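What the coordinates show
Below, each chain spelled out in residue letters.
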Amino acid sequence: MAQQDDVFKKIVSHAKEYGFVFPSSEIYDGLSAVYDYGQNGVELKNNIKRYWWDAMTLLHENIVGIDSAIFMHPTIWKASGHVDAFNDPLIDNRDSKKRYRADVLIEDQMAKYDDKIAKEVAKAAKRFGDAFDEAQFRTTNARVLDLQARRDALHERYSKAMNANDLAELRQIILDEEIVCPISGTKNWTEVRQFNLMFKTEMGSTADGSMTVYLRPETAQGIFVNYLNVQKTGRMRIPFGIAQIGKAFRNEIVARQFIFRMREFEQMEMQFFVRPGEELKWFQQWKEWRLKWHKALGMGDDKYRYHDHEKLAHYANAATDIEFLMPFGFKEVEGIHSRTNFDLSQHQKFSGKKIEYFDPELNQSYTPYVIETSIGVDRMFLSVLCSAFDEEQLPNGETRTVLHLPAPLAPVKCAVLPLVRKDGLPEKAREIVDELKFDFATHYEEKDAIGKRYRRQDAIGTPFCITVDHQTLEDNTVTLRERDSMEQTRVAVDDLHKLIHDRVSLASLLRKLR
Ligand code: GAP
């Protein structure tokens, strides 16, 4: 675990050093859980968004996109349930004056039991060597059995308290488990209170009378309230989907793990409207399609898993997360939810407008059911970055830091490097850049020795380096160096476009989804 913590620290500092992610407002000492994307980060992020958008809107004839406003009528959030129920249970430590999420303190405690069990298993594995039977050890070792029983009992008690929204019981669990504040080390806890995660602001000047509005905590509601507009103007027939990418805001109390949990973040959401009764079939279908989208990136099939929800929101009849193996464990990157007709029905009720679909095949009207796929752009970005980061030991004893980014997502696709800054090589290199730049993000670099320039491109994940040397002037060939294998091949300048295109085009990635 400690080793993984170190790796994660390295990834965070690499992201800053190479222009991917900066802490927001850094010269003013930063703003907690808010981040800015730098010159390379924004390109990687845009490529992720383009991959998602095209997979939704190009590959599905029945999915269209929208871009709704961040500000929406405040009643929308009443209808959706966010005003009353989008809460986190909070607890304060009276000595340190620090505020925590009660559920997170308890989940951390469960993780501590898991860690202790894992340590016992690792110790025994070392002691018994090849003869070690882990399954048998877990079911017979007294200490492990005791820890597991305590963990299971805690899990059951915690789930019950969360389901019943029992804040007093959450506090009691914290006391009974003797959980201490990590800052003060004391158990001097306040009561647990609900805290709404939505940011509020005022719209209109106070003289004219102002209205409290919210920064949207999810993009989904912008889709629901435009359901009728899109269905009618797009003459959409069920089943059909509406996709949207945009910012969302949540006043997260426990914001940690870099861009994993932020206060301002971006979502890519798609609501798929279906006939009542067919929703579970579509839920299954979207589970499969979304996992395929992730796996097509080639970051390792074993790094994904589904986590089906045991506890469902009252309006959902199925829900699952797609989790990715980050350096700090398997974590949710995307949620797929079968939301029944809850949202559309609520908006019908609160707005007084009829929100129904006339199904010509069934010759009847109904409020459509909805399957939602919801993925955080920033979490997706983090999973790509974590999986790509590598400190590679080279045969000559050196270490190179390289980002093995999926080539179509790389911020820079190729770098053109004149071997020396004279003899007409820079001019020839510029000529090549001027050909390639219309189709690929292309860098020109002439400063420093060629090896150093290769390393800089490796560090930002550039799939190809093109080196222009004296031979180029004679026979119009260049050296094409591939990032992952570091292999160098002599190729004709005229073939560059095709060679690069075959590896970096988004279309090649999208074709895998067929
Ligand atoms: N409309 C459904 C919805 O918003 P969610 O599970 O709350 O569902 C969906 O969020 C996705 O948004 C998550 O899987 C995650 O990737 C991302 N997300 C949620 N909160 C986030 C935060 N504070 N920071 C970064 N990403 C977040």
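Things to note about the overall build of the chain
On a plain count of helices and strands, the chain comes out with 18 helices and 23 strands. Expressed along its principal axes, the backbone C-alpha trace of the chain runs to roughly 80 × 70 × 55 Å. Taking all 514 residues of the chain together, 48% fall into the buried category. Pairs at least 24 residues apart make up 65% of the contacts formed inside the chain by residues separated by at least 6 positions.

Notes on the nonpolar core
Counting residues in hydrophobic clusters, the biggest one holds 63 residues, and the most contacted among them are Tyr51, Trp52, Trp286, Trp293, Phe381 and Leu382. Looking at this core, the element that brings in the most residues is helix α13 (residues 377-388), giving eight residues. In this structure, Trp286 is in contact with Met56, His60, Ile63, Met270, Phe272, Ile336, Ile371 and Thr373, ignoring residues within four places of it in sequence.

What to know about the pairing of strand β23 (residues 488-492)
Pairing analysis gives five bridges linking strand β22 (residues 477-482) to β23, with the strands arranged antiparallel. Pairing of Val478 across the sheet is with Val491, part of β23. Linking two consecutive strands that pair antiparallel, namely β22 and β23, is a turn of five residues; a positive phi of about 60° is found at Met486 within it.

What about the site of the ligand?
The immediate surroundings of the ligand are formed by 20 residues, with Glu218, Met262, Glu269, Glu332 and Val333 found nearest. Between the ligand and the protein, one listed contact pairs a nitrogen atom with a side-chain N or O atom of Glu252 at 2.9 Å. Here an oxygen atom of the ligand sits 3.0 Å away from a polar atom, N or O, in the side chain of Gln267. Expressed as a share of its isolated accessible area of 550 Å², the protein-covered part of the ligand is 91%. If you list the elements that add at least two residues to the shell around the ligand, you get β10 (264-274), β13 (329-338) and β16 (369-376). Looking at the shell around the ligand element by element, the count peaks at five residues for β13.

Points about a nonpolar patch on the surface
Where nonpolar side chains cluster on the molecular surface, the patch consists of Phe71, Met203 and Met211 and spans about 260 Å² of accessible area. Tracing the backbone shows Met203 in strand β7 (residues 200-203).

Side note on helix α12 (residues 342-351)
Side chains three or four residues apart in an α-helix point the same way, a direct result of the helix having 3.6 residues per turn. Phe342, Asp343, Leu344, Gln346 and His347 are the residues of α12 that are buried. Looking one or two places after α12, you find Gly352, whose phi comes out positive at around 80°.

Some words on the packing of helix α5 (residues 102-128) against helix α7 (residues 142-163)
As a packed pair, α5 and α7 sit with axes 10 Å apart at the nearest point and diverge in direction by 160°. Relative to α7, the element α5 is oriented roughly antiparallel. The two elements α5 and α7 cross, and the hand of that crossing is left-handed. Listed contacts from α7 to Asp103, Ile106, Glu107, Gln109, Met110, Tyr113, Asp114, Lys116, Ile117 and Glu120 of α5 are Arg143, Val144, Leu147, Gln148, Arg150, Arg151, Leu154, His155, Tyr158 and Met162. Here the residues of the contact of α5 with α7 sort into nine nonpolar, three polar and eight charged.

Some details on the pattern of salt bridges
A side chain with one charge can pair with a side chain of the opposite charge if their charged atoms come near. Overall, the coordinates contain 44 salt bridges when judged by the stated rule. Between Asp54 and Arg50 there is a salt bridge, with its nearest N and O atoms 2.9 Å apart. Placement of both Asp54 and Arg50 in helix α2 (residues 39-57) is noted, with a separation of four residues, approximately one turn of the helix. In this structure, Arg455 engages Glu398 in a salt bridge whose closest nitrogen and oxygen atoms are separated by 3.6 Å. Taken together, the positions of Arg455 in helix α15 (residues 450-460) and Glu398 in the loop between β17 (389-393) and β18 (399-403) put the pair 57 residues apart, joining distant regions of the chain. Glu398 gets classed as partly exposed once you look at its relative accessible area, which sits at 41%. Linked by salt bridges that have partners in common, Glu392, Glu398, Arg400, Arg455, Asp458 and Arg481 make up one network.

A word on the side chain of Glu334
Examined against the element boundaries, Glu334 turns out to sit in strand β13. At 2.7 Å, the side chain of Glu334 and the side chain of Arg290 are in polar contact. At a separation of 2.8 Å, a polar atom in the side chain of Glu334 contacts the side chain of His294. When residues no more than four places from it in sequence are discounted, the contact partners of Glu334 are Arg290, His294, Thr320, Asp321, Ile322, Thr373, Ser374 and Ile375.

Rules used in this analysis
- Residues numbered from 1 in each chain as written.
- Predicted model: local features only at pLDDT ≥ 70, side-chain atom pairs only at ≥ 80, totals over all residues.
- Heavy atoms only, no water.
- Helix = DSSP H or I, 4+ residues; strand = E, 2+ residues; numbered from the N terminus.
- Buried < 20%, exposed > 50% of the residue type's maximum accessible area, 1.4 Å probe, protein only.
- Contact = heavy atoms within 4.5 Å.
- Core = buried A, V, L, I, M, F, W, Y, C linked by side-chain atoms within 4.5 Å.
- Pairing = 2+ DSSP bridges.
- Near = heavy atom within 4 Å.
- Polar contact = N/O pair within 3.5 Å; in protein donor to acceptor, adjacent residues only side chain to side chain.
- Areas by Shrake-Rupley, 256 points an atom, 1.4 Å probe, with all protein chains shown as cover.
- Patch = residues over 30% accessible without salt bridge, like charges linked within 9 Å, V, L, I, M, F, W, Y side chains within 5 Å.
- Salt bridge = Lys/Arg side-chain N within 4 Å of Asp/Glu carboxyl O.
- Axes fitted to C-alpha atoms, helices over the stretch in contact; angles between N-to-C directions.
- Parallel < 35°, antiparallel > 145°, perpendicular 65-115°, else oblique.
- Left-handed = near helix turned anticlockwise from the far one by under 90°.
- Nonpolar A, V, L, I, M, F, W, Y, C, P; charged D, E, K, R; others polar.

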